[in-house]
Amino acid sequence: MQYTSTRGGDTATFSEAVIRGLAGDGGLFVPETLPDISLHLKRWQDLPYTELASSFLSLFATDIPGNELNRCVELAYSAFPDSASPAPLVKLSGRLHVMELFHGPTLAFKDFALQLLGQFYGRYIRSTGHSLNILGATSGDTGSAAIHGMLKHPGVHSFILYPEGRIAELQERQIACTGSPLVHPFAVNGSFDDVQSIVKQIFGDAAFSSAHSLTAVNSINIARILAQCVYYLHAALKLGASEDDPLEFIVPTGNFGNVLAGWMLSRMGVRGIRFCVTTNVNAVVSDFFKTGEYCPGTVVPSHAPSMDIQQASNFERWLWWHFDGNSARVRELMTALRRDGKFVLNEIPEKTGIIRTTSCDDAGIETWIRRTWLEKGYMADPHTACAFAAVREDVRSVILATAHPAKFPETIASVTGQFPQHPSLELLKERTVTKQILPADVEAVKTAIMGVKN
Ligand SMILES: *Cc1c(COP(=O)(O)O)cnc(C)c1O
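Residues numbered from 1 in each chain as written. Predicted model: local features only at pLDDT ≥ 70, side-chain atom pairs only at ≥ 80, totals over all residues. Heavy atoms only, no water.

### Considering the packing of helix α4 (residues 66-77) against helix α5 (residues 110-128)
Right, so step 1: Remark: α4 packs on α5, axes separated minimally by 8 Å, with the N-to-C direction vectors making an angle of 135°. Relative to α5, α4 is oriented oblique. α4 and α5 meet at a crossing whose hand is right-handed. Seen from α4, the contacting residues are Glu68, Leu69, Cys72, Val73, Leu75, Ala76 and Tyr77; seen from α5, they are Phe112, Gln115, Leu116, Gln119, Phe120 and Arg123.
Right, so step 2: Broken down by class, the residue content of the contact of α4 with α5 amounts to 9 nonpolar, 2 polar and 2 charged. (Axes fitted to C-alpha atoms, helices over the stretch in contact; angles between N-to-C directions. Helix = DSSP H or I, 4+ residues; strand = E, 2+ residues; numbered from the N terminus. Parallel < 35°, antiparallel > 145°, perpendicular 65-115°, else oblique. Left-handed = near helix turned anticlockwise from the far one by under 90°. Contact = heavy atoms within 4.5 Å. Nonpolar A, V, L, I, M, F, W, Y, C, P; charged D, E, K, R; others polar.)

### Thoughts on the site of the ligand
Right, so step 1: Taken together, 15 residues are adjacent to the ligand, and Lys110, Asp141, Gly254, Asn255 and Thr402 come closest.
Right, so step 2: Gly254 is positioned with one of its backbone polar atoms (N or O) 2.7 Å from an oxygen atom of the ligand.
Right, so step 3: Between the ligand and Asn258, the relevant distance is 2.9 Å, taken from an oxygen atom to a main-chain nitrogen or oxygen of the residue.
Right, so step 4: Relative to its free-state accessible area of 380 Å², the ligand is covered by the protein chains to the extent of 97%. (Near = heavy atom within 4 Å. Polar contact = N/O pair within 3.5 Å; in protein donor to acceptor, adjacent residues only side chain to side chain. Areas by Shrake-Rupley, 256 points an atom, 1.4 Å probe, with all protein chains shown as cover.)

### Notes on the sheet that holds strand β4 (residues 89-93)
Right, so step 1: As summarised here, the arrangement of the 6 strands in space is β4-β5-β15-β10-β11-β14, forming an open sheet in which the pairing is mixed. In this open sheet, the two edge strands, each paired with only one partner strand, are β4 and β14 (355-359). The mean angle between the axes of side-by-side strands here comes to 25°, regardless of whether they run parallel or antiparallel.
Right, so step 2: Along the sheet, helix α10 (residues 222-239) makes contact with β4, β5 (96-100), β10 (247-252), β11 (273-279) and β15 (397-401), crossing β10 at roughly 150°. (Pairing = 2+ DSSP bridges.)

### Details of the sheet that holds strand β2 (residues 11-12)
Right, so step 1: Read from one edge to the other, the open sheet built from 3 strands follows the order β2-β1-β3, with strand pairing classed as antiparallel. Strand pairing shows two members of the sheet lacking a second neighbour, β2 and β3 (29-31), which therefore form its edges.
Right, so step 2: By the bridge criterion, 2 bridges tie strand β1 (residues 3-5) to β2 in an arrangement that is antiparallel. Within the sheet, the bridge partner assigned to Thr4 lies in β2 and is Thr11.
Right, so step 3: Strands in contact with helix α13 (residues 315-322) are β1 and β3; relative to β3, the strand with the most contacts, it is inclined by about 40°.

### A few points about the pattern of salt bridges
Right, so step 1: Scanning all chains against the criterion turns up 19 salt bridges.
Right, so step 2: Linking Glu248 and Arg356 is a salt bridge whose minimum nitrogen-to-oxygen distance equals 2.8 Å. Of the two residues, Glu248 sits in strand β10 while Arg356 sits in strand β14, which places them 108 residues apart along the sequence.
Right, so step 3: Overall, Glu248 belongs to the buried group, its relative accessible area being 3%.
Right, so step 4: The exposure class of Arg356 is buried, given its relative accessible area of 19%.
Right, so step 5: Between Glu332 and Arg329 there is a salt bridge whose closest N-O contact spans 3.5 Å. Within this pair, Glu332 and its partner Arg329 are both found in helix α14 (residues 327-340), separated by 3 residues, close to a single helical turn.
Right, so step 6: With a relative accessible area of 26%, Arg329 lands in the partly exposed category.
Right, so step 7: Taken together, the shared-partner salt bridges connect Glu164, Glu172 and Lys435 into one network. (Salt bridge = Lys/Arg side-chain N within 4 Å of Asp/Glu carboxyl O. Buried < 20%, exposed > 50% of the residue type's maximum accessible area, 1.4 Å probe, protein only.)

### With respect to the packing of α5 against helix α6 (residues 141-150)
Right, so step 1: Between α5 and α6, the least distance of the axes is 8 Å, while the angle of their chain directions is 40°. On the basis of their axis angle, the class for α5 and α6 is oblique. Pair α5 / α6 crosses with right-handed handedness. Along the contact surface, α5 presents Lys110, Asp111, Leu114, Gln115, Gly118 and Tyr121, while α6 presents Asp141, Thr142, Ala145, Ala146, His148, Gly149 and Met150.
Right, so step 2: Its residues assigned to classes, the contact of α5 with α6 shows 5 nonpolar, 5 polar and 3 charged.

### Describing the environment of Ser85
Right, so step 1: Along the chain, Ser85 turns up in the loop between α4 and β4.
Right, so step 2: Separated by 18 residues in sequence, Ser85 and His103 place their C-alpha atoms 9.6 Å apart.

In short, the description is geometric, and any link to function would need to be established separately.
Here you go:
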């Protein structure tokens, strides 16, 4: 399987695409063609999760020998306490299930992708003898999931930048209390935008980033998307989806990476699956599917911080498939976005029957945490609450629960009176935070990176 850039100017093998992350022309890597998996579905129906993952991924990671791929997958999901069932389906009623994606090491769905990405990086280091260090900016969940995905791989340093004082306390503890000499939390005195811009400038300095073997860890790596396809497939097989009895996945959305993974299956011959994109008050993507206008503005902070995103980076991949691989069309829109700050597509809304959209403001998040707790006895974190707000009684649905409620105890306690806990987070509360506080200045961050002995 070859990978091509959404902007048409670059190609790569799977392993190259995984190591490089972003394509050379600024686009995102996508599989050149999507396989038709409909013929496999019967055989895959009763496979355990990791075997399903290996079988599915083997169609995409064609340059990794089967036994090595199996091993990467097994090691990735052995990090989940119940590795036989990392994405359990909880039945709330005859028509409503919750797929809990928060049982990984950092209690958010990003572990599904980053545990596997860590295994691919580890394999790369072992097979090439090259070193690799990761550099990323985080507003919370990605940074900790990345760190915990890399921790087991000797020699991989993780430099994670975040805005000092502006991420949740427990999120900071997951980043800054590992006690590992390989993890370097840099708390930057600035906003998330400042932090992201510093990381971009460092990667813009090719000499520096190559001298320190820096690789980006962000939401655009194709391996992350493919790893996420598996839990949708698993749920569709377990619950049965068909045109006559369809299944709607309701997906709390920020960068569009999670829902894109599910949607891709509908282009691979999986029948009867529909999607509901649900955002918080940062409703750029859901507005687009209503109006055809994609117009990112300024981020508004919300109770669901991991969805406080206006530039949905994976949306470019969706556009590429929507235009059947017409990269000239993608380039045109991306140019318009840079030039005018927006683009408009008039034909979108009626063509996307399988995508429904909703959004939920902070008052709605509070209401749905409370209602879900009182009426269903289920505790939803603020991100997942946006999905509960979108449920329609007449449709068979699967809500994707993207984070454990104990990551956001204050919001939940304020509306339910219950203070959710998780043992791994309780342990963190006793550990010391080790971080370097740095000014929002590229040179200061570079100096701090150079100060770490590789
Ligand atoms: C990252 C994240 C999301 C958003 O996922 P995208 O792939 O960016 O759309 C939703 N909920 C939680 C808890 C997250 O960490």
